[in-house]
Amino acid sequence: MRMSTALEADFNAQITLELESAVVYRQLAIEMDMRDLRGMATWLRRQAEEENRHAEKFIDHLTDRGNHAVIGTIPSPSVSVSSVLECFETARAHEERVSTAIRSLYRQSEATDDLDSRPLLTWFLTEQLEEEAKVDEIVGRVGMIAGDGPGLLRLDAEMSARSTGSADTDAR
Ligand code: FEO
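Predicted, not measured: the structure shown is a model, and the values here were computed from it. (Residues numbered from 1 in each chain as written. Predicted model: local features only at pLDDT ≥ 70, side-chain atom pairs only at ≥ 80, totals over all residues. Heavy atoms only, no water.)

Asks: What am I meant to see in the overall build of the protein here?
Replies: Each helix and strand counted, the protein has five helices and zero strands in total. Starting at the N terminus, the α and β elements of the protein follow one another as α-α-α-α-α. When the 172 residues of the protein are sorted by exposure, 44% land in the buried category. The long-range fraction of contacts in the protein, counting pairs at least 24 apart against all pairs at least 6 apart in sequence, stands at 82%. Carbon and sulfur atoms make up 53% of the accessible area of the protein, which totals about 8,500 Å². Here the protein contributes 19 positive and 32 negative side-chain charges, whose respective centroids are spaced 2 Å apart. (Helix = DSSP H or I, 4+ residues; strand = E, 2+ residues; numbered from the N terminus. Buried < 20%, exposed > 50% of the residue type's maximum accessible area, 1.4 Å probe, protein only. Contact = heavy atoms within 4.5 Å. Areas by Shrake-Rupley, 256 points an atom, 1.4 Å probe, with all protein chains shown as cover. Lys, Arg positive; Asp, Glu negative; His and termini not counted. Charge placed at Lys NZ, Arg CZ, Asp CG, Glu CD.)

Asks: Looking at this structure, how should I read the side chain of Glu-95?
Replies: For Glu-95, the location among the structural elements is in helix H3 (residues 84-111). At 7.1 Å, Lys-134 is the nearest oppositely charged side chain to Glu-95, a buried residue that forms no salt bridge. (Salt bridge = Lys/Arg side-chain N within 4 Å of Asp/Glu carboxyl O.)

Asks: Would you take a moment to explain a nonpolar patch on the surface for this structure?
Replies: A surface patch of nonpolar side chains, amounting to about 220 Å² of accessible area, comprises Val-23, Ile-71 and Ile-74. Here Val-23 lies in helix H1 (residues 5-34). You can call Val-23 partly exposed: its relative accessible area is 31%. (Patch = residues over 30% accessible without salt bridge, like charges linked within 9 Å, V, L, I, M, F, W, Y side chains within 5 Å.)

Asks: So what exactly am I meant to see when it comes to the packing of helix H2 (residues 38-64) against helix H4 (residues 118-145) here?
Replies: Each packed pair of helices is defined by two parameters, the angle between the axes and the distance between the axes. At a closest axis distance of 12 Å, the pairing of H2 and H4 adopts a crossing angle of 170°. For the element pair H2 / H4, the angle class is roughly antiparallel. Where H2 approaches H4, its residues Trp-43, Gln-47, Glu-50, Glu-51, His-54, Lys-57, Phe-58 and His-61 are matched on the opposing element by Leu-120, Leu-121, Trp-123, Phe-124, Glu-127, Glu-131, Lys-134, Val-135 and Ile-138. Classifying every residue of the contact of H2 with H4 gives eight nonpolar, three polar and six charged. (Axes fitted to C-alpha atoms, helices over the stretch in contact; angles between N-to-C directions. Parallel < 35°, antiparallel > 145°, perpendicular 65-115°, else oblique. Nonpolar A, V, L, I, M, F, W, Y, C, P; charged D, E, K, R; others polar.)

Shown next, in the form of structure tokens:
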């Protein structure tokens with residue numbers, strides 16, 4: 001069933017935020033690549049791809065329901081990264097912002113009694129828990145390593161193993 005125009009606008013804002021997330025992660029990947037941390041750069045690029053898939057999920061949901069998905073203005077990623085720790089702290093702060101937006105979208109869907117979007121939004125609530133947890137772990141590990149070059153290279157090698165994003169078999 002078609003969703004209300006007001007909720008459609010909120011979904012469109014979320015689509016734009018997911019695409020903004022992809023751009024932020026892509027920029028962070030560049031920052032790590034410039035420090036020759038190829039594994040971290042790969043991890044961040046994979047995350048950028050995952051954010052694009054998130055946007056696609058929302059777009060598919062709108063189009064499946066006969067609503068109009070419209071991509072808004074995506075700001076330039078104004079990330080200022082002076083260290084590896086700052087890179088992943090930036091990623092964590094961004095994920096926290098996305099989680100807040102998803103919770104708000106969920107509340108909006110409840111307020112408008114839009115049952116059809118509930119499975120998708122529940123999936124995203126869980127996804128955000130995972131995303132925050134994994135970035136938080138990286139921040140913790142980078143913090144432990146501090147200025148230890150060999151430790152950083154070991155973590156970099158470990159992170160290069162990431163193939164794609166998380167399992168993508170789910171509600172939309
Ligand atoms: Fe799509 Fe990382 O939030």
